Amino acid sequence: MNRIPETLDNTYSTAYLHQCFEPYLSANIKTEKPVRHISLNPDPADRVSDGQFVKMAQEYMERMGYVNQPYIVFKHTDIERTHIHIVTVCVGLDGKKLPDSYDHPRSMAICRDLEQTYNLIPATEKQRTGNEQVFRPVDYRAGDVKSQIASVVRHLPKYYGYASLGAYNALLSLFNITAEEVKGELHGQPKNGLVYFALNEQGEKASNPFKASLFSKQAGLDELQNQFAKAKGKMKADPVRALLKSTIEVAMHTATNEADFKKQLLEQGTNAVVRRNDEGRIYGMTFIDHESRTVWNGSALGKNLSANVFNDWWNGQAVGQRQEAENATAQNQSSTTDNTVEKEEAHSLFNFLNKEQQTDDLLIDGLGGLLPEAQGEDYEEQEFANRMKKKKKRNSRHLRAN
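Residues numbered from 1 in each chain as written. Predicted model: local features only at pLDDT ≥ 70, side-chain atom pairs only at ≥ 80, totals over all residues. Heavy atoms only, no water.

## Here we look at the packing of helix α7 (residues 240-254) against helix α8 (residues 258-266)
Packing of α7 against α8 leaves a shortest axis separation of 9 Å and a crossing angle of 145 degrees. The two elements α7 and α8 meet at a crossing, and its hand is right-handed. Here Thr247, Ile248, Ala251, Met252 and Thr254 of α7 come into contact with α8, specifically with Asp260, Phe261, Gln264 and Leu265. Counted by class, the contact of α7 with α8 contains five nonpolar, three polar and one charged residues. (Axes fitted to C-alpha atoms, helices over the stretch in contact; angles between N-to-C directions. Helix = DSSP H or I, 4+ residues; strand = E, 2+ residues; numbered from the N terminus. Left-handed = near helix turned anticlockwise from the far one by under 90°. Contact = heavy atoms within 4.5 Å. Nonpolar A, V, L, I, M, F, W, Y, C, P; charged D, E, K, R; others polar.)

The structure is reproduced here in structure tokens:
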């Protein structure tokens, strides 16, 4: 801990931590996100002692300008890669927000120095070669749609694991493609297959259908079903599941709306694909983790990440916003003064620190990952991550600190 008083019994409750942060949180009510999470993730092969982790955290925070701020450092060993999380506030006691210009490049530079100081496996970037396959979203207006689709679906199975057709389609949607199952008969025998379509900016079909057989065996339904079965077995025991689940839960607790939720996850290299029916109800939530190259249905990660939960959350949020606006109008028109003071709740960002919570509900701060390249990231993952919402605009390459 830094600038946080120790307790007599050496236990630290959610309420106590919030109390220590409260003077900073209340000093500036204009800052939308006064709490900052940072994660330092050495390579799994690195052996870092507790003392080294403490020194790394102190050096990082001092060089980032947080030496006079209260912060807490936690070590997590719940996955193969032992890592630390740092929770702090980016508002000073004077009410001013700490400067954050060029935070990301400064953070990356500090991490590179830490790698050398503590002999960590360096996060070297892969050099691109002319023969490297780069996946690009399909542009139905550019012509030769068949070749554009082929360049994606022929190679996608080499890179990603997905356990259902819905998950596969969520991944394809990043490239303006969808696959649709068709049923029929051939010589009196039932026959199932797949056809592929290009999509427009609204996610609507914008091309003629293309048979899967035009592309490759891997693009066909039979081969995909084999891939689904294999991926389902591997993903069930994959330690990435717990980390991804925790990262999503943190975003749920810190995001202000759907767009902010997606943005936070994208900064962690994860796409959130939301599927809605014609009435606007969410019937599918899929999360594409580009670091582990796996595609997960929300319900497969946990009941609290199912489509119904997000549907109720965002629909309820919209209703709540309308009610708040109506209440504010009513209060302005009323001369009645209400002196009732509600009980102050502990900041939700500290819920994952509460020892009384069940293990499955612990919220690990996944916002960060400041040694990301040591985890095997390469340019193709970045190409995938930058395709969210089918926008042409490119995001920064290594957004890992929030």
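Back to the write-up after that little detour.
## What to know about the confidence of the model for the chain
For the chain, per-residue confidence averages 76 on the pLDDT scale, and 73% of positions sit at 70 or higher. Note that pLDDT drops below 50 for residues 124-134; the model gives that stretch 14 contacts with residues more than four away or on any other chain. Within the model, pLDDT remains below 50 along residues 335-402, and this stretch shows 176 contacts once partners closer than five positions in the same chain are excluded. (pLDDT = per-residue confidence, 0-100.)

## Examining the packing of helix α2 (residues 50-63) against helix α3 (residues 103-117)
Contact pair α2 / α3: the axes reach a minimum separation of 10 Å and the direction vectors enclose 150 degrees. Regarding α2 and α3, the two cross each other, and that crossing is right-handed. Residue-level contacts link Met56, Glu59, Tyr60 and Arg63 of α2 to Arg106, Ser107, Ile110, Cys111, Asp113 and Leu114 of α3.

## Looking at the nonpolar core
Counting 31 residues, the largest nonpolar core has Ile149, Tyr162, Tyr168, Leu171 and Tyr196 as the members making the most contacts within it. Contributions of two or more residues to this core are made by α4 (145-153), α5 (165-173), β5 (177-186), β6 (189-198) and α6 (221-236). Not counting the four nearest positions on each side in its chain, Ile149 is found in contact with Val138, Ile177, Tyr196, Phe197, Ala198, Phe210 and Phe215. (Core = buried A, V, L, I, M, F, W, Y, C linked by side-chain atoms within 4.5 Å. Buried < 20%, exposed > 50% of the residue type's maximum accessible area, 1.4 Å probe, protein only.)

## Some points on the pattern of salt bridges
Tallied over the entire structure, the rule returns eleven salt bridges. Salt-bridge contacts for Arg63 lead to Asp113; the nearest nitrogen and oxygen are separated by 2.8 Å. Residue Arg63 is located in helix α2, and its partner Asp113 is located in helix α3; the two are separated by 50 residues in the primary sequence. In this structure, the salt-bridge partner of Glu267 is Lys263, at a minimum N-O distance of 2.7 Å. Overall, the relative accessible area of 48% leaves Lys263 in the partly exposed class. Within this structure, Glu59, Arg63 and Asp113 form a network of salt bridges that share partners. (Salt bridge = Lys/Arg side-chain N within 4 Å of Asp/Glu carboxyl O.)

## Concerning the pairing of strand β10 (residues 294-297)
When a strand is regular, its side chains alternate between the sheet's two faces. Two elements, strand β4 (residues 161-162) and β10, share two bridges in a ladder whose sense is parallel. Note that in β10 the partner of Gly161 across the bridge is Thr294. Taken together, the four bridges between strand β9 (residues 282-289) and β10 define a ladder with antiparallel strand orientation. Considered in β10, the bridge of Ile288 is made with Val295. (Pairing = 2+ DSSP bridges.)

## A word on unusual backbone geometry
With a phi close to 60 degrees, Asn10 is a non-glycine residue in the positive phi region. Mapped onto the elements, Asn10 comes out in the segment before α1 (14-27). Exposure remark for Asn10: the relative accessible area of 52% places this residue in the exposed category. At Asn119, a position not held by glycine, the phi torsion is positive, near 55 degrees. In this structure Asn119 comes out as exposed when scored by relative accessible area, which is 68%.

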